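Next come the chains, spelled out residue by residue.
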Amino acid sequence: QVGLVESGGGLVQAGGSLRLSCAASGSTASIAGTGWFCQAPGKEREFVAGIRWSDHNIYYSESVKGRFAVSRDRAKTTAYLQMNSLKLEDTAVYYCATRRFWPLSDVRWTPDESQYWGQGTQVTVSS
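Turning our attention to the nonpolar core. In terms of nonpolar packing, the biggest core is built from 28 residues, with Trp36, Val48, Phe68, Leu81, Met83 and Tyr94 touching the most fellow members. Within the residue set of this core, elements represented by two or more residues are strand S1 (2-7), strand S3 (18-26), strand S4 (33-39), strand S5 (46-52), strand S7 (68-73), strand S8 (78-83), strand S9 (92-99) and strand S11 (121-126). Among the elements that take part in this core, S3 stands out by supplying 4 residues, more than any other. Not counting residues up to four positions away in its chain, the partners in contact with methionine 83 are Gly16, Ser17, Leu18, Leu20, Arg67, Phe68, Tyr94 and Val123. Core analysis: the second largest hydrophobic core is formed by 7 residues, Ala32, Phe37, Ala97 and Trp102 among them.

Below you can see the structure in the form of structure tokens.
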């Protein structure tokens, strides 16, 4: 079992920044990668960014490239999502997740590939 605890969400003005954190506990040795997803009301959960642990490769969705940055503290198994230049359309619940398997040839991450999920943290961007 892996437990994920998220923090850092809140209300921010458009153009501002937030940093989300996700701390993992439990059987972390089985984790192949850590990622972030967002879900707005009435929409499907979508991939934002992720890190594959074996080689520390990072992947981003096109909508956040150049604005968001994902990182990982290997010693404490904590993942971060630095969110800059926030837009109104970034408003959503953000979830961290882990996956058990992540082949080097796989550059995508769909929600059903996740093994564990955090509780989610609300990010609201205002004008």
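This part takes up unusual backbone geometry. You will see that histidine 56, though not glycine, has its phi angle at about 65°, which is positive. Despite not being glycine, serine 85 has its phi angle at roughly 50°, a positive value. In this structure, serine 85 sits in the loop between S8 and S9. The exposure class of serine 85 is partly exposed, given its relative accessible area of 41%.

Reading guide: rules and limits
- Residues numbered from 1 in each chain as written.
- Predicted model: local features only at pLDDT ≥ 70, side-chain atom pairs only at ≥ 80, totals over all residues.
- Heavy atoms only, no water.
- Core = buried A, V, L, I, M, F, W, Y, C linked by side-chain atoms within 4.5 Å.
- Buried < 20%, exposed > 50% of the residue type's maximum accessible area, 1.4 Å probe, protein only.
- Helix = DSSP H or I, 4+ residues; strand = E, 2+ residues; numbered from the N terminus.
- Contact = heavy atoms within 4.5 Å.

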